[in-house]
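The lines below spell out each chain.
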Amino acid sequence: MADQAAHEGRDWRVEDWNALDWQGRGKVQAATQNGSLHVRVDAVTSQTRRFKSLIGEFFRTEFRRVRPRYGAFEVVIEIERGPDTPVHDVDNVAKAVLDALTGVVFHDDSQVERLHVEKVTGERPRVKVRARPIRAAEPA
């Protein structure tokens, strides 16, 4: 039951991002684990065009294993900022990230049924994203 509760979105945190098997050489890296896609972007911006460019190019050239899927998704976005990082509105960063993942992870951002966005203090400006499908409820 604990696994099901975690999968259903009650456990939105990723315990150890460093333990994931990251792939990528530039500002964008990705990893998959237990049906979830994890993406980290070593940049923070609310400019959709920049995120779409960075993420889109990465998935076209370096991480071709992911194809957009239908169905409901949960997306967790963690915005890391250092002491001297400009402040970004979480809603603008979230919209830019969701737009960038459209056509990569899901077909349309309206498929996102659960969204958690959080700003945290970190080592560097970075956006961490976990996207995973939400299982349909089984009939009673």
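Coordinates for the structure precede this section.
What comes next is a walk through the structure. Because the structure is a prediction, the values reported are computed rather than measured. Chains are numbered independently. Their residues run from 1 in the order of the written sequence. Given that this is a predicted model, residues contribute local features only at a pLDDT of at least 70 and side-chain atom pairs are listed and counted only at 80 or more, while totals for whole chains, interfaces and linings are drawn from all residues. To get the side-chain values, all heavy atoms of the structure are used, and hydrogens and water are removed first.

### Brief notes about the packing of helix H2 (residues 48-61) against helix H3 (residues 90-101)
In this analysis, axes come from line fits to C-alpha atoms, helices being fitted only over the stretch in contact, and the angle between any two N-to-C directions falls in the range 0 to 180 degrees. By definition, any uninterrupted DSSP run of H or I lasting at least four residues is a helix, any uninterrupted run of E lasting at least two residues is a strand, and each is numbered from the N terminus. At a closest axis distance of 8 Å, the pairing of H2 and H3 adopts a crossing angle of 40°. Here H2 lies oblique to H3, going by the angle between them. The handedness of the crossing between H2 and H3 comes out as right-handed. Taking contact as the criterion, the partners of Thr 48, Phe 51, Lys 52 and Ile 55 in H2 are, on H3, Ala 96, Val 97, Asp 99, Ala 100 and Leu 101. For the contact of H2 with H3, the class distribution of residues is six nonpolar, one polar and two charged. Throughout this description, any angle smaller than 35 degrees is read as roughly parallel, any larger than 145 degrees as roughly antiparallel, any in the 65 to 115 degree range as roughly perpendicular, and the remainder as oblique. The handedness criterion is simple: a crossing whose near helix is rotated anticlockwise from the far helix by less than a right angle is left-handed, and one whose near helix is rotated clockwise is right-handed. In what follows, a contact means two residues having at least one pair of non-hydrogen atoms within 4.5 Å. Residue type decides the class: Asp, Glu, Lys and Arg count as charged, Ala, Val, Leu, Ile, Met, Phe, Trp, Tyr, Cys and Pro as nonpolar, and the leftover types, Gly among them, as polar.

### Points about H3
Over its 12 residues, H3 extends 16 Å from the first C-alpha to the last, a length consistent with the 16 Å expected when each residue adds 1.5 Å. Against H2, strand E3 (73-81), strand E4 (112-121) and strand E5 (126-133) lie the buried residues of H3. Two residues or fewer past H3, Gly 103 is found with a positive phi of approximately 85°. One fewer than the residue count of a helix, multiplied by 1.5 Å, yields its expected span.

### Structural notes on the environment of Leu 98
One can find Leu 98 in helix H3. Those residues in contact with Leu 98, other than ones at most four positions away along the chain, are Val 75, Phe 106, Asp 109, Val 112 and Leu 115.

### With respect to the packing of aromatic side chains
By convention, a stacked pair of Phe, Tyr or Trp rings (six-membered ring in the case of Trp) has centres within 6.5 Å and planes under 30 degrees apart, an edge-to-face pair has planes over 60 apart, and any other such pair is tilted. Tallying each qualifying case throughout the model produces four aromatic pairs. Both rings, one in Phe 59 and one in Phe 63, keep their centres 5.7 Å apart while their planes meet at 85°; by these two values the pair is edge-to-face. With a 1.4 Å probe rolled over the protein chains alone, any residue whose accessible area is under 20% of its type maximum counts as buried; one over 50% counts as exposed, and the rest are partly exposed. Look at Phe 59 and you get buried, because its relative accessible area is 6%. Feature note: the residues Phe 58, Phe 59 and Phe 63 constitute an aromatic cluster, connected by ring pairs.

### Details of the environment of Arg 135
Its place among the elements puts Arg 135 in the segment after E5. As for Arg 135 and Gly 71, which are separated by 64 residues in sequence, their C-alpha atoms are 8.5 Å apart.

### Regarding the pattern of salt bridges
Note on definitions: salt bridges are taken to be side-chain nitrogens of Lys or Arg within 4 Å of carboxyl oxygens of Asp or Glu. Evaluated as defined, the whole model comprises 10 salt bridges. As a salt-bridge pair, Asp 109 and Lys 95 come within 3.1 Å of each other at their nearest N and O atoms. Linking Asp 109 in the loop between H3 and E4 with Lys 95 in helix H3, this pair joins segments that are 14 residues apart in sequence. In this structure Lys 95 comes out as partly exposed when scored by relative accessible area, which is 42%. Each of Asp 42, Glu 123, Arg 124 and Arg 126 takes part in one network of salt bridges that share partners.

These figures come from the coordinates and say nothing about function on their own.
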